[in-house]
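# Observations on the model geometry
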Amino acid sequence: AQSVAQPEDQVNVAEGNPLTVKCTYSVSGNPYLFWYVQYPNRGLQFLLKYITGDNLVKGSYGFEAEFNKSQTSFHLKKPSALVSDSALYFCAVRDIEVGTGRRALTFGSGTRLQVQP
Amino acid sequence: DAGVIQSPRHEVTEMGQEVTLRCKPISGHDYLFWYRQTMMRGLELLIYFNNNVPIDDSGMPEDRFSAKMPNASFSTLKIQPSEPRDSAVYFCASSGQGNSNQPQHFGDGTRLSIL
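Residues numbered from 1 in each chain as written. Chains lettered and ligands numbered in written order. Predicted model: local features only at pLDDT ≥ 70, side-chain atom pairs only at ≥ 80, totals over all residues. Heavy atoms only, no water.

### Concerning the sheet that holds strand S3 (residues 19-24) of chain B
The pairing of strands in a sheet comes from backbone hydrogen bonds and takes either a parallel or an antiparallel form. Residue and element names in this part refer to chain B. Rules: Here, a strand pair is defined by DSSP locating no fewer than two bridges between the strands. Think of it this way: any DSSP run of H or I at least four residues long counts as a helix, any run of E at least two long counts as a strand, and we number them from the N terminus. Inter-axis angles, ranging from 0 to 180 degrees, are taken between N-to-C directions of lines fitted to C-alpha atoms, where helices are fitted over the stretch in contact.
The antiparallel open sheet is built from four strands, whose spatial order is S1-S3-S8-S7. Sheet topology places strand S1 (5-7) and strand S7 (65-71) at the edges, where each strand pairs with a single neighbour. Going from strand to strand, the sheet's axes swing by 15° on average, the running direction of each strand aside. As paired strands, S3 and strand S8 (residues 74-79) are joined by five bridges and run antiparallel to one another.

### Some remarks on the interface of chain A and chain B
Rules: The contact criterion used throughout is that any non-hydrogen atoms of two residues lie within 4.5 Å. Buried area: the accessible area, evaluated with a 1.4 Å probe, that two parts lose upon being put together, summed over both parts. Salt bridges are identified by distance alone: a Lys or Arg side-chain nitrogen within 4 Å of an Asp or Glu carboxyl oxygen. Two N or O atoms count as a polar contact when they lie within 3.5 Å, although within protein this holds only if one can serve as hydrogen donor and the other as acceptor, and sequence-adjacent residues are included solely when both atoms are side-chain atoms. When residues are sorted by character, Ala, Val, Leu, Ile, Met, Phe, Trp, Tyr, Cys and Pro go into the nonpolar class, Asp, Glu, Lys and Arg into the charged class, and all the rest, Gly among them, into the polar class.
The interface of chain A with chain B comprises 19 residues on the first partner and 18 residues on the second. Regarding the contact of chain A and chain B, the summed buried area is about 1,700 Å², with carbon and sulfur atoms giving 48% of it. A salt bridge links Arg42 of chain A to Asp108 of chain B, with the nearest nitrogen and oxygen atoms 2.9 Å apart. Taken together, chain A and chain B are joined by six residue pairs in polar contact (both at pLDDT 80 or more). Elements with a minimum of two residues in the side of chain A that touches chain B: strand S5 (32-38), strand S6 (44-50), strand S10 (87-96) and strand S11 (103-107) of chain A. Considered class by class, the residues forming the side of chain A that touches chain B number 10 nonpolar, three polar and six charged.

### Regarding the side chain of Asp56 of chain B
Positionally, Asp56 of chain B belongs in strand S6 (residues 53-56). A distance of 2.7 Å separates a polar atom in the side chain of Asp56 of chain B from a polar atom in the side chain of Ser58 of chain B.

### Points about the environment of Val4 of chain A
All names here are of chain A. Convention followed: To sort residues, take the accessible area from a 1.4 Å probe on protein chains only and compare it with the maximum for the residue type: under 20% means buried, over 50% means exposed, and anything in between is partly exposed.
For Val4, the location among the structural elements is in strand S1 (residues 3-5). Under the relative-accessibility criterion, Val4 is labelled buried at 14%. Spatially, the C-alpha atom of Val4 lies 9.6 Å from that of Leu33, the residues being 29 residues apart in sequence. Setting aside residues up to four positions removed in sequence, Val4 forms contacts with Cys23, Thr24, Tyr25, Cys91, Val93, Thr106, Phe107 and Gly108.

### Digging into the side chain of Ser82 of chain B
Residue and element names in this part refer to chain B. On the secondary structure map, Ser82 appears in the loop between S8 and strand S9 (88-95). Ser82 sits in the buried class, given a relative accessible area of 1%. Those residues in contact with Ser82 that sit more than four places away from it in its chain are Thr13, Glu14, Met15, Gly16, Gln17, Val19, Arg64 and Ile114.

### Some words on the environment of Arg22 of chain B
Residue and element names in this part refer to chain B. Here Arg22 shows up in strand S3. Between the C-alpha atoms of Arg22 and Gln6, which are 16 residues apart in sequence, the distance is 5.6 Å. The contacts of Arg22, once residues within four sequence positions are left out, are Ile5, Gln6, Ser7, Trp34, Phe74, Ser75 and Thr76. Here the side chain of Arg22 touches Thr20 through a polar contact of 3.5 Å, landing on its backbone oxygen.

What follows is the structure in structure tokens.
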């Protein structure tokens with residue numbers, strides 16, 4: 001079964017500093033990996049995805065993520081954090097479910113990013 | 001372009017009442033998902049449809065929960081009878097063809113409080 005882990009409940013960073021939000025995954029086949037962001041009282045918004053190709057994926061709002069197959073990680077990064085980046089971030093993975101053949105998206109537990117001015 | 005539209009945004013009702021949540025997916029999307037979000041359990045997939053047909057309802061917690069998609073532009077999630085532990089934010093999401101690599105687009109959710 002596929003799974004995804006976000007080991008940090010919260011990440012604190014000062015504005016202007018680089019940020020990293022960690023994600024590791026476990027799948028039986030080739031993973032499709034996603035990052036979403038959730039602002040208060042809003043639904044999740046798609047940031048970026050990795051399907052195949054370049055290990056460094058660029059997404060919305062200056063975010064990027066690096067796919068590392070050997071470490072089964074897909075960490076979200078940004079070179080210079082903004083206060084407006086403060087939100088809840090979710091990593092998600094999709095794989096074909098063994099047995100059923102159905103494709104399901106599994107979300108991590110979320111990491112709250114707090115950017116201090 | 002209009003995104004995924006959910007209604008109502010907020011609902012407060014008493015235990016035992018029937019609750020109906022509504023969702024209009026993005027036009028042209030053929031996958032529709034219902035999620036529930038709580039502090040304790042995070043984001044849970046309840047059910048998803050492909051071309052209006054339920055594909056996986058293994059996340060539906062109990063028989064009190066039911067979901068329908070009578071056409072490509074409308075879906076409902078019904079709870080009958082409702083219980084206080086059903087209080088949560090319920091999200092609807094849709095995605096286009098090629099479900100595996102297409103991102104899901106979420107509505108802003110329905111915040112449900114069962115008293």
